Each structure stands twice: as C-alpha cells, then as structure tokens.
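One letter stands for each residue in the lines below.
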Amino acid sequence: MSELPKKEGNFFEWYNEVLERSQVTDKRYPVKGLNVWPPFGLSIRSLFDQTLRNAVGPIGYQEVSFPTLIPETELKKESEHIKGFEAEVYWVTRGGNTPLDINLCLRPTSETAMYPMFALWVRSHKDLPLRTFQICNVFRYETKSTRPLLRIREIHFYEGHTVHPTEESATRQVQEDLGSFEQVARSFALPYLINKRPEWDKFPGAHYSLGLDIPFGDARTLQVGTVHHYRDNFAKPYGIQYETEDGKTAFGHQTTYGISERLIGGVVGVHGDEKGLVLPPALAPVQVAIVPVPGKGSKEAVEGAARALGSTLSAGGLRVKVDLSEDRPGAKYYAWESRGVPLRIELGPREVEEKAATLADRFGKKRKVPQAELLSEVRAELESFLTTLADRAQARFRDAIARAKELSDLKGPKAVYLIGWCGKEACGHKVEEVVEGGLLGTIEGGSPADIVQGEAPPCIVCGSGPSRWAAAGRPI
Ligand SMILES: [Zn+2]
C-alpha cells in the first residue's frame, strides 16, 4: 500500500486517510456528515463508551435513555437555548402523510427532552442530587464542511445531566466532572486545557461553560468536551422544583457534562503517526497481536505455541488476536501497526525452543520475555506503552503552546497562546480579530497542571490589570 501523506503540514489529508485505511469510520454514506461505523471503528467506540461509564459511575451517575424526538413546545421553553440551536435543528413534521399537531425535532442535545421528566422525578430534597447520563446520537444540521468524528451531523454523544439543591452543590459537581474527565484523559494519554469560555461564547442557557481543549492538527485547537453550570436557568422554565427540609419550595440547580466522538478524533489526531493509528490500550480493540514467524518445518509447533499464548493472555482479560492468516510476517506487522495495536508478540522457532516470546510495542521497542511470565510482562508493557504515549503527547502539547506578549505574537505558528486578559469584552473581541474567533477563555486548569505558572501578565490588549491567564487559539 502507498505511503500515508505526511502528517505535518497536511494534517487533514493524513487524518482522513488514516481513518479510511484503518476503517474507523466510513464517510461514503449518501448523506454528507452522517458516517458509518464499520466493525473495527465500532469496537473502538464501544471501548470509548465503556471508559466514560467507568469514569462517571463512581461519582454517582446513573445511565438513562430518553427519546430521540423532542416536541417543539419543550424545545422552545428556554429562550436562550432555542436561539442557540434553532439554526441547527432537524425537524420531523409529518407522521406518514399526516402533518403533526406539534412538530418534533431530532435532539440536538437532551436538556429539553430530559427536564420535563426531571420536573416529575424531583419532588423533595431527598431526591437530590440527581445524576444521570445517557450515551446516544444527537443531530445537528452542520453547514460548514464536515469532517469525520470532528464536525458531523449525527454525533455519538455522552451527556451527563444533574440536579442539585443549591448553586454550591452544582459547583462541586462541576469539579467532580472535571476529575472524571482527568481520568478519561489519562486513559487516552491526552493532555488538555480547561478554559472558561467568554460570556458571549458560553453554551446557550448556561451560567458558565468550561471547554476542554487540546492542540490539534496544524496549529489548531479542538474542543473535546464541555462542562456547564446552569444555575436554575433551566429549572425555572421546566419547573424543576423540590420541597426543602423546612417545607419551602425551591428550584434545582443544574449541570451538564458532554463528551462526543470528537474525543476519539482527538486520540487519532494526537497519537497517530506516519504508519497510521496509534491507540492507547483502553481504546484498542486488539491490545496484543500475536504473529507466528515459522521457519522451515516449524509451522505447526510455532502456530500451536502462538495459540496457547493467545489463550493465556485472553484468560487474563486482554484483547488478543493470534494472526494465523496466510500473509507474510512483514505484511502482518504493517497491518497491525497501521491499526494502532499497542503491542505485538513475535514468535519464531527460536522463541519456541527457548520458551520465550519477543514483545514489540507500536513504536518498535522490543524485548524478549519468558513465556512463563508472559501475562504479567504484557500487562507491564501495556502500562509502560501508555506512559510512553502520554510523554510523547505531553512533549508535543508543550511545544504547541507559547506565551504571547503582544497581539502580533498571536499570528505565530503555535496552536495555543497564553495571554493576560482583563476580562473586558472589547479586549476579548480584539484578540478574536487576530486569532480568527479563538479566545478560548480564561484558563481554569488542565493536565499537565504547570502550563501556566505565576501571576498573569497585564491584559495583552489594553495593558491594564488585574488580569487572568487566558488561552487563544483557532478552533477547528
Ligand atoms: Zn484589556
């Protein structure tokens, strides 16, 4: 197969080609922006969903499932929200040949589907906090050019929705959600920044919005997740009220937490290389590929040993594939590498004789281990592979971020610029004029945590203080 386009300088050519060759998604469906998930891609997506479930279960979220269709009357109850979404909504206006009494939209997000039901579920302070999430597909009529996993019209989406008795309790939830995201990001070896979006760029209807952003592609940024604090902005129009301990009635305070398949795009874009996909073990449908390399007359013995090692690793809970296809070993290595398999085991007559196996990670690091210790050695190797992946990603993350002292610095080649910002809207818009709409917001944290250090410099536009550290970059 021909070589992949160079990643640097041709990012999207490379990105599209990697997705297509490794069969993560298939964009040839006859409607633009609605992509198909072939088996390999769907396995990645299922592992992705599982990672999210594992991260939010321990902080009290319970999984629910709501309908895809939302009545127009519910969608329009919160005025800011509908203003923000009306240009992106798909409508169902007929049932068969009969016009519907009330038009139904395909959910662009599920606040307006869930909150009428929350109003029924929440009665007393004892029902709070309520923490629910669903993993579903949402629909947005995207008018810009679409890109697989990144900008599409049917989006695979994790959405967490909570109700709390007080604003403070909702604020604590925001912190817990950020903690769970850190766990997800660690599993995927992705560094990120938490940016509090400017007022004019927050989620429609939110009190404030936090964006989880990563440097991506050729000097761009990608929002891979969001956490919003709603205060009681939705509870009021949807009537989510409860009886307090002293018998009064109060509105709930709410948060949401959203992560979409974009994060899978983030993993592909950040870790992939000139050979194709590089997957962290948590997302790899095949974590270990065992490739027998038989010499003359040793086919049976070598393949038998490969099968036995495969069984040992599978029994240990790993996702393993013993590659007994007719291809030459070199072609097998290439195929597994391009699909991002973290670890390969090479097994030849010498290894069989020595009761050993050669482990080779996705970056080509090799070592020989005794078969008797295979399971623990492979587990250790997968751990160390994740660390290598995180170190590499972190080095590039640091390299993609720079401090800007003057507005003209923002025109440089970095993905993210760190600036001082006084918080005034006029100064924010000035920054956006220079970086094509990209004031990502004030920096509230991230991983690694030492990206911003010390006090923020004076505002990059007006030179006044006090100011906050903020991030500027061009979102995809
Ligand atoms: Zn200013």
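Residues numbered from 1 in each chain as written. Predicted model: local features only at pLDDT ≥ 70, side-chain atom pairs only at ≥ 80, totals over all residues.

### Examining the environment of K126
Right, on to step 1. With respect to the helices and strands, the residue K126 is situated in the loop between α5 (111-121) and β5 (130-139).
Right, on to step 2. Residues K126 and Y238, spaced 112 residues apart in sequence, show a C-alpha to C-alpha distance of 20 Å. (Helix = DSSP H or I, 4+ residues; strand = E, 2+ residues; numbered from the N terminus.)

### Focus on the sheet that holds strand β4 (residues 98-106)
Right, on to step 1. The sheet built from 3 strands is open, its strands ordered β2-β4-β3 with antiparallel pairing. If you trace the sheet from one side to the other, it starts and ends with β2 (69-71) and β3 (91-95), each paired once. Geometrically, the sheet is characterised by an average inter-axis angle of 45 degrees between neighbouring strands, direction not taken into account.
Right, on to step 2. Note: β2 against β4, 3 bridges, orientation antiparallel. Bridge pairing in β4 places I70 opposite C105. (Pairing = 2+ DSSP bridges. Axes fitted to C-alpha atoms, helices over the stretch in contact; angles between N-to-C directions.)

### Re the domain arrangement of the protein
Right, on to step 1. Once the domains are mapped, the protein shows domain 1 (11-271), domain 2 (286-396) and domain 3 (401-473).
Right, on to step 2. With 8 residues of domain 1 at the interface, the matching set in domain 2 holds 8 residues.
Right, on to step 3. Contributing elements (two or more residues each) for the side of domain 1 that touches domain 2: α1 (11-22) and α8 (262-271).
Right, on to step 4. For the side of domain 1 that touches domain 2, a count of residues per class yields 5 nonpolar, 2 polar and 1 charged. (Domains from an automatic or database assignment. Contact = placed C-beta atoms within 7 Å. Nonpolar A, V, L, I, M, F, W, Y, C, P; charged D, E, K, R; others polar.)

### Comments concerning the nonpolar core
Right, on to step 1. Residues I290 and A472 are the most contacted members of the largest nonpolar core, which totals 100 residues.
Right, on to step 2. Looking at this core element by element, the count peaks at 8 residues for helix α12 (residues 374-399).
Right, on to step 3. Discounting residues that sit within four places of it in the chain, A472 has contacts with L410, Y417, I419, V431, V435, G438, L439 and L440. (Core = buried A, V, L, I, M, F, W, Y, C linked by C-beta atoms within 7 Å. Buried ≥ 20, exposed ≤ 12 C-beta atoms within 10 Å, placed from the backbone.)

### Brief notes about the packing of helix α9 (residues 299-315) against α12
Right, on to step 1. The N-to-C vectors of α9 and α12 enclose an angle of 65 degrees; their axes lie 9 Å apart at closest approach. For the pair α9 and α12, the sense of crossing is right-handed. Along its contact with α9, which presents L309, T312 and L313, the element α12 presents L374, L375 and V378.
Right, on to step 2. Its residues placed into classes, the contact of α9 with α12 shows 5 nonpolar, 1 polar and no charged. (Left-handed = near helix turned anticlockwise from the far one by under 90°.)

### Details of helix α10 (residues 329-338)
Every α-helix carries 3.6 residues per turn, so stepping three or four residues along brings you back to the same face.
Right, on to step 1. Looking at α10, one finds that the buried residues are K332, Y333, W336 and E337. Along the axis of α10, the buried residues cluster in a sector spanning 130 degrees; they form a single face. Opposite the buried face of α10, at more than 90 degrees from it, the exposed residues are G330 and A331.
Right, on to step 2. Against the buried residues of α10 lie β14 (288-292), β16 (339-340) and β17 (343-347). (Arc of directions from axis to C-beta.)

### A word on helix α2 (residues 39-56)
Right, on to step 1. The end-to-end C-alpha distance of α2, which contains 18 residues, comes to 26 Å, matching closely the 26 Å that a straight helix rising 1.5 Å per residue would cover.
Right, on to step 2. When α2 is considered as a whole, its buried residues turn out to be G41, I44, R45, L47, F48, L52, A55 and V56. All buried residues of α2 fall inside an arc of 165 degrees around its axis, so they share one side.
Right, on to step 3. Buried residues along α2 sit against β5, β6 (154-164), α6 (167-187), β12 (253-260) and α8. (Expected span 1.5 Å × (residues − 1).)

### Structural notes on the pairing of β12
Right, on to step 1. Burial of β12 is extensive: 8 of the 8 residues sit out of reach of the surface.
Right, on to step 2. With burial as the criterion, each face of β12 is covered, one bearing H253, T255, Y257 and I259 and the other bearing Q254, T256, G258 and S260.
Right, on to step 3. Note: strand β9 (residues 220-231) against β12, 6 bridges, orientation antiparallel. Directly across from V227, in β12, lies its bridge partner Y257.

### Describing the sheet that holds strand β1 (residues 62-63)
Right, on to step 1. Reading across the sheet, the 11 strands line up as β1-β5-β6-β12-β9-β8-β7-β22-β23-β21-β20 and stay open at both edges, with mixed pairing between neighbours. On the outer flanks of this sheet lie β1 and β20 (401-403), each paired with one strand and no other.
Right, on to step 2. As defined by bridge partners, β5 adjoins β6 across 10 bridges and the pair is classed as antiparallel. Pairing of N137 across the sheet is with H156, part of β6.
Right, on to step 3. Together, β5, β6 and β12 form the strand contacts of α2, whose direction differs from that of β6 by roughly 10 degrees.

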